[in-house]
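Breakdown of the fold
One letter stands for each residue in the lines below.
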Amino acid sequence: IRDRVYADNGSTTDKAPTAAAELVSKDVSLVLGSYGSSVAMAGGPVFDEAGLAAIGVTCTNPNITAGNDYYFRICFLDNFQAQVLVNFAKDKFSAQKAYCLGELGNEYDQGLIAFFEQNFDGEVIKDSFTSDFTTYLNKAVAEDVDVIFCPVSIAYATQIVGLAASMGLDIPLLGSDTLDSNVVLEAAQGSNVQLYVSTFYQEGGSPKFDDGIKACINSNADALANNGGNDIISAVSAMGYDAYYVALEALKAAGSTDKAAVKAALPDVTYTGVSGSIAFDEQGDAIRDTAYIKTADTANNAWTLETVQTVE
């Protein structure tokens, strides 16, 4: 890609439309982003109105592409992810009672919890937090639940996992793709926390890619620090890499940088990436049937593959 233009949405919904408008004003051919669902939904109408196609990377909320002909994505969706985690809770823990905890008013959290509840055939207890997590984890213990599902942001996940570690919580914690973070892993280090997360990519899936990314991370101190002080490859890195190459395929197929030509070519693009085969359905969503479940190896501060979970 010859020219790259960047716009920062600050991971906030109030800045997302402005960032989207900035990209439109700079006459770009195609947008990559965003990673988060809430900001993708906030900025999406700007791209739709401008006739500019965007490829979401790890934004999983179904509403992003619904009613927007110009938004595509390469990741799985929340309804799929929730079903994967419900199946895992049943298969691994024979779970009959689940506690769901999400941030009050957060569309990502609440959407996943709603899908989890729809698919879980046992008892579901749920709360929406605004502050102190001690109350909620103690409630989960008192209710004698089999699993805790907390599809929250990295910042909140580190607090929840850290608190679970300090109180010796023995209830398995299930998390969504946002918890696939080295920072969250660090919060569980040295504890007996049972932490499982669904994610898009497992390190080892593409050795050549892994070697290249690790070399980049270890190339300077800042890159290493920004990755949590280690060279563990996050799934969002793999997905960003794949999104970039899907964009290249769209530009090649269009034979032009004209945004209308690129958008017209995008629905038929297929690409085999490090995260698997990528193609789009009529909605612009990626056709995916598999998710990875990772678990925290708290003794060695590493993620390890628990299982590959498929939903038919």
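Report on the accompanying structure. Given the structure is predicted, the values throughout are model-derived calculations rather than measurements.

Calculation rules
All chains use their own residue numbering, which begins from 1 and follows the written sequence. This being a predicted model, a pLDDT of at least 70 is required before a residue's local features are given, and a value of 80 or more before pairs of side-chain atoms are given or counted; all residues contribute to the totals for chains, interfaces and linings. Hydrogens are left out, water is left out, and the side-chain values use all remaining heavy atoms of the structure. By definition, any uninterrupted DSSP run of H or I lasting at least four residues is a helix, any uninterrupted run of E lasting at least two residues is a strand, and each is numbered from the N terminus. For the radius of gyration, the atom set is restricted to C-alpha positions; the globular benchmark scales as 2.2 Å times the number of residues to the power 0.38. Using a 1.4 Å probe on the protein chains alone, a residue whose accessible area is under 20% of its type maximum counts as buried, one over 50% counts as exposed, and one in between counts as partly exposed. Any two residues having at least one pair of non-hydrogen atoms within 4.5 Å are treated as being in contact. To obtain an axis, a line is fitted to C-alpha atoms, over the contacting stretch when the element is a helix, and the angle between two such axes runs from 0 to 180 degrees between their N-to-C directions. Two helices cross in a left-handed way if the nearer one is turned anticlockwise from the farther one by less than a right angle. They cross in a right-handed way if the turn is clockwise. Just so you know the grouping, Ala, Val, Leu, Ile, Met, Phe, Trp, Tyr, Cys and Pro go in nonpolar, Asp, Glu, Lys and Arg go in charged, and all remaining residues, Gly too, go in polar. Any two cysteine sulfur atoms within 2.5 Å of one another count as a disulfide.

This brings us to the overall build of the chain. Secondary structure assignment for the chain yields 11 helices and 12 strands. The C-alpha atoms of the chain give a radius of gyration of 20 Å, which matches the 20 Å a tight globule of 312 residues would have. Expressed as a percentage of the 312 residues in the chain, the buried residues total 50%. Taking the contacts inside the chain whose residues are at least 6 apart along the sequence as the reference set, 62% of them involve residues at least 24 apart.

Looking now at the packing of helix α1 (residues 16-25) against helix α2 (residues 37-50). Closest axis-to-axis distance for the α1/α2 pair is 8 Å, and the angle between their directions is 35°. The chirality of how α1 crosses α2 is right-handed. Within the contact between the two elements, α1 uses A16, P17, A20, A21, L23 and V24 and α2 uses V39, A42, G43, V46, F47 and A50. Here the contact of α1 with α2 is composed, by residue class, of 11 nonpolar, 1 polar and no charged.

Our next topic: the state of the cysteines. One way to say it: the disulfide is the covalent bond shared by the sulfur atoms of two cysteines. Evaluated as defined, the whole model comprises 0 disulfides. We note that C59 lacks a disulfide partner, and the nearest cysteine sulfur, in C75, lies 5.1 Å from it. Taking relative accessible area as the criterion, C59 reaches 0% and is therefore assigned buried. C100 takes part in no disulfide bond, and the closest cysteine sulfur to it belongs to C150, at a distance of 9.4 Å.

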